Amino acid sequence: MTILCSPSQPSDELIAALGAGVLPAPTLSRVRELLEQLPTERLVVVGPEVGLDEAAGFAIDLRLTRPLVGVVAIRPELDVEAYAYAMQAGIRELVAVADLPGLVEACQRSQRLSESILLPVEAAAGSEGKVITIFSSKGGCGKTTLATNLAATLHDKGARRVCLVDLDLAFGDVAISLQLEPRRTLVDAVAMGENMDATGVAGLLTTFRPGLECLLAPVEPGDAEKVPAAVIDDLLAVLRGMFDYVVVDTPPQFNEHVLRALDGSDHHVLLTNPDMAAVKNLRLTLDMLDLLSYPRATRSIILNREDDRVGITAGDVEQALRSQIAARIPNNLEVVAAFNRGVPIAAEKPSHRVSEAIRKFSAQCLDGSLAARTRAAKAQAPKKPRGRWLGVGARGVRNA
Ligand SMILES: Nc1ncnc2c1ncn2[C@@H]1O[C@H](COP(=O)(O)OP(=O)(O)OP(=O)(O)O)[C@@H](O)[C@H]1O
Ligand SMILES: [Mg+2]
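Everything numeric here is computed off the predicted structure, so don't read it as measured data. (Residues numbered from 1 in each chain as written. Chains lettered and ligands numbered in written order. Predicted model: local features only at pLDDT ≥ 70, side-chain atom pairs only at ≥ 80, totals over all residues. Heavy atoms only, no water.)

Student: Quick question: what am I supposed to make of the packing of aromatic side chains here?
Tutor: A ring pair, where both rings are aromatic, is described by two values, the distance of the centres and the angle of the planes. All told, the structure shown has 1 aromatic pair when counted by the stated rule. With a centroid separation of 4.8 Å and 45° between ring planes, the pair formed by F135 and F254 is classed as tilted. Remark: F254 occurs in the loop between β10 (245-249) and α10 (256-263) and F135 occurs in strand β6 (residues 130-135); sequence separation between them is 119 residues. Judged by relative accessible area, F135 falls into the buried class, the value being 1%. Here F254 falls in the buried class, since its relative accessible area comes to 11%. The ring of F208 carries the charged tip of R209 above its face, separated from the ring centre by 4.3 Å. (Phe/Tyr/Trp six-rings, centres within 6.5 Å; stacked < 30°, edge-to-face > 60°. Helix = DSSP H or I, 4+ residues; strand = E, 2+ residues; numbered from the N terminus. Buried < 20%, exposed > 50% of the residue type's maximum accessible area, 1.4 Å probe, protein only. Lys NZ or Arg CZ within 6 Å of the ring centre and 35° of its normal.)

Right, here's the structure in full:
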């Protein structure tokens, strides 16, 4: 059922678009009364005659009292300012008055969202998910490939709730590698300001599979610059309350956003390939992480694209890094083919040797003992304002 707030008689087309069982209400006060009588109701559509301020006030109230109820507002016209204002208030969707197919889709999305946040909102009170950041300072090592595959592995066909965050703000590939259409992205989190919460963040997610959600990188040129690094702290804090695991894909650069993600993570997964430049870059990265006092116990090194033919063995890499490798992922063309099909190989072919290597790593290094190890390591680590100390700007230095 849907509650429709419309001071005048709604058109037949609008009623038909909203489907059977629509409950009309002439004012938002009447909507409030109806919601009290209908504890399982999940959707309110606000007609174009209701002012945006009034709709926003209503959405702010609902956010606290009934976070599972979505508000979709029909507007006489759409503009960027109205959109930012609506987002901040917690209105899930704005739809232009003439766009009935758009309204149907917006209502369906809101309903799906309510279902998907039902568990996280209930769980948010107590549970703490784990945040895992994947990083390599050399471009093209396979961060996005590993991030998508690790997310799929942890998701385990729906056994766990996982969120994949694309923190490669300017050149993010998660959307294209999973063939997702970015409707909302990380840049939309900025409008929430200090009002960021599970309901608001849930509205930014794009579903890959039920229970495997993605927070995608901005798509418009220049949008990456609009995301202040401090947003990452708030986002990760909210997401860890909503999901069992949050997997963060990063750009090949130490920038302030990446440092915030590393700070907010339980585990750092550092990637290299069996090539001299990648190994040298990882050596520098490890030195940098040591210098910044990130505890070694919270990091794993992965050798991706291992290949007997290239002349550098896992032993050579360990010697050069003076660190142990936690997992070796074979070089395999099927990984590229799966990437190009938009499905992580771990989801498509769980018994493939690449999928098995990732599953083994996940079981050994990211299992239940992770939280305890992280707590112990963090308790020992000194606190440092790492971003300022490094003196990096929002752009950092890209290494490819
Ligand atoms: N184990 C593997 N075997 C074969 N190909 C792989 C493997 N891992 C990654 N690749 C391929 O390597 C290329 C680069 O991978 P990916 O985009 O994941 O790297 P990245 O580190 O995210 O790059 P960037 O730094 O540009 O974000 C892709 O074509 C991907 O399919
Ligand atoms: Mg990438």
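Student: Help me understand the side chain of E41 in this model?
Tutor: Of note, E41 is situated in the loop between α2 (28-37) and β3 (43-46). An unpaired buried charge is present at E41: no salt bridge exists, and R66, the closest side chain of opposite charge, is 7.2 Å distant. Among the polar contacts made by the side chain of E41, one reaches the main-chain amide nitrogen of L43 at a distance of 3.1 Å. (Lys, Arg positive; Asp, Glu negative; His and termini not counted. Salt bridge = Lys/Arg side-chain N within 4 Å of Asp/Glu carboxyl O. Polar contact = N/O pair within 3.5 Å; in protein donor to acceptor, adjacent residues only side chain to side chain.)

Student: Can you walk me through the site of ligand 1 in this structure?
Tutor: For ligand 1, the set of nearby residues contains 18 residues, the closest of which are K143, T144, T145, P330 and N332. If you list the elements that add at least two residues to the shell around ligand 1, you get α6 (143-155), β12 (299-306), β13 (327-330) and α13 (333-341). (Near = heavy atom within 4 Å.)

Student: Help me understand unusual backbone geometry in this model?
Tutor: Negative phi values dominate among residues other than glycine, just as trans dominates among peptide bonds. In this structure, S293 is a non-glycine residue whose phi angle is positive, near 65°. Inspection of the secondary structure puts S293 in the loop between α11 (276-291) and β12. We classify S293 as buried; its relative accessible area is 16%. In this structure, R322 is a non-glycine residue whose phi angle is positive, near 50°. By the element assignment, R322 lies in the loop between α12 (314-321) and β13.

Student: What is the right way to look at the environment of A147 in this model?
Tutor: Checked against the element boundaries, A147 lands in helix α6. For A147, a relative accessible area of 0% corresponds to the buried category. With 100 residues separating them in the primary sequence, A147 and V247 have C-alpha atoms 6.5 Å apart. For A147, the contacting residues outside a window of four places in its chain are I134, L164, V247 and D249. (Contact = heavy atoms within 4.5 Å.)

Student: Whenever I open this one, the sheet that holds strand β4 (residues 70-75) confuses me. Can you help?
Tutor: Strand pairing within a sheet occurs via backbone hydrogen bonds; the two strands may be parallel or antiparallel. Spatially, the 5 strands line up as an open sheet ordered β2-β1-β3-β4-β5, and their pairing is parallel. Both edges of this open sheet fall to β2 (22-25) and β5 (93-96), since each of them pairs with a single strand only. Between one strand and the next, the sheet's axes are offset by a mean angle of 25°, whatever the strand orientation. When β3 meets β4, the two strands line up parallel, connected through 4 bridges. Bridged to V44 within β4 is V71. Seen against the sheet, helix α3 (residues 52-65) touches β3, β4 and β5 and runs at an angle of roughly 175° to β4. (Pairing = 2+ DSSP bridges. Axes fitted to C-alpha atoms, helices over the stretch in contact; angles between N-to-C directions.)

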